[in-house]
Amino acid sequence: MGTYHRHDVESTAAVFRHPVHPMLIPFPIASLIALVTDIAFRVTNNVFWADVSFWLLLAGVVTGAVAAIPGMIDFSTIDRVRSLTSAWLHAGGNVIALTLAIINLSVRWSDPVAGVQGWGLVLSLVTVALLGVTGWLGGELSYRHRIGAINDESGVADDHSVEVARAEKRRVANKTR
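Our subject in this report is the structure included herewith.

Inspection of every chain in the model, using the stated rule, returns four aromatic pairs. The interplanar angle of 85° and the centroid separation of 4.7 Å between the aromatic rings of Phe-75 and Trp-88 together place this pair among those described as edge-to-face. With Phe-75 in helix α4 (residues 47–77) and Trp-88 in helix α6 (residues 85–108), this residue pair connects regions lying 13 residues apart in the sequence. Through pairs of rings, three or more aromatic residues link up here, namely Phe-54, Trp-55 and Trp-109.

Written out as structure tokens, the structure reads:
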């Protein structure tokens, strides 16, 4: 089992202490799964799906670039982030995924149908696989290493923590014995 770090590291790219990068990443991830619409085109041979893939890729590239900005701000301004291998792999993998999406978009630029039938489907597959890995690593950074976590000093979170619930269950179980 992995080691969990209890020290919260607040994001430097935040609005009212809420990290911006995690708010933005669902948009490029949803858009860059053009693999689904590529497969729909291959199955149905309906040009509509090739066009949808093109527009998804365009949206994914734009929103990915926007989401990368606060991610890079956190990466470059928080020393602890740069000390983590998972942060380097997350950042580098996302740069590669965004680059592949740009290439994929350029392959389809003049003819979305030809793009899907050429390298487009392969590029979409590799991009989705890479996003799965970088998404996992992003989760590791947020949940395991507590990057972007807001330190709750109110004590309210302590009342609802898993450890408190488990301790209460043990206490009740010991009383009934």
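Residue placement: Arg-144 occurs in helix α7 (residues 112–144). What makes Arg-144 buried here is its relative accessible area of 17%. Here the side chain of Arg-144 touches Glu-140 through a polar contact of 2.6 Å, side chain to side chain.

As a further point, take unusual backbone geometry. Within the chain, Asn-45 stands out as a residue other than glycine whose phi angle is a positive 60°. Tracing the backbone through its elements, the reader meets Asn-45 in the loop between α3 (35–44) and α4. Looking at Asn-45, the relative accessible area reads 55%, which means it is exposed. Even without being a glycine, Arg-146 presents a positive backbone phi close to 65°. Note that Arg-146 resides in the loop between α7 and α8 (162–176). According to the relative accessible area criterion, Arg-146 is partly exposed, its value standing at 26%.

The rules we used
- Residues numbered from 1 in each chain as written.
- Predicted model: local features only at pLDDT ≥ 70, side-chain atom pairs only at ≥ 80, totals over all residues.
- Heavy atoms only, no water.
- Phe/Tyr/Trp six-rings, centres within 6.5 Å; stacked < 30°, edge-to-face > 60°.
- Helix = DSSP H or I, 4+ residues; strand = E, 2+ residues; numbered from the N terminus.
- Buried < 20%, exposed > 50% of the residue type's maximum accessible area, 1.4 Å probe, protein only.
- Polar contact = N/O pair within 3.5 Å; in protein donor to acceptor, adjacent residues only side chain to side chain.

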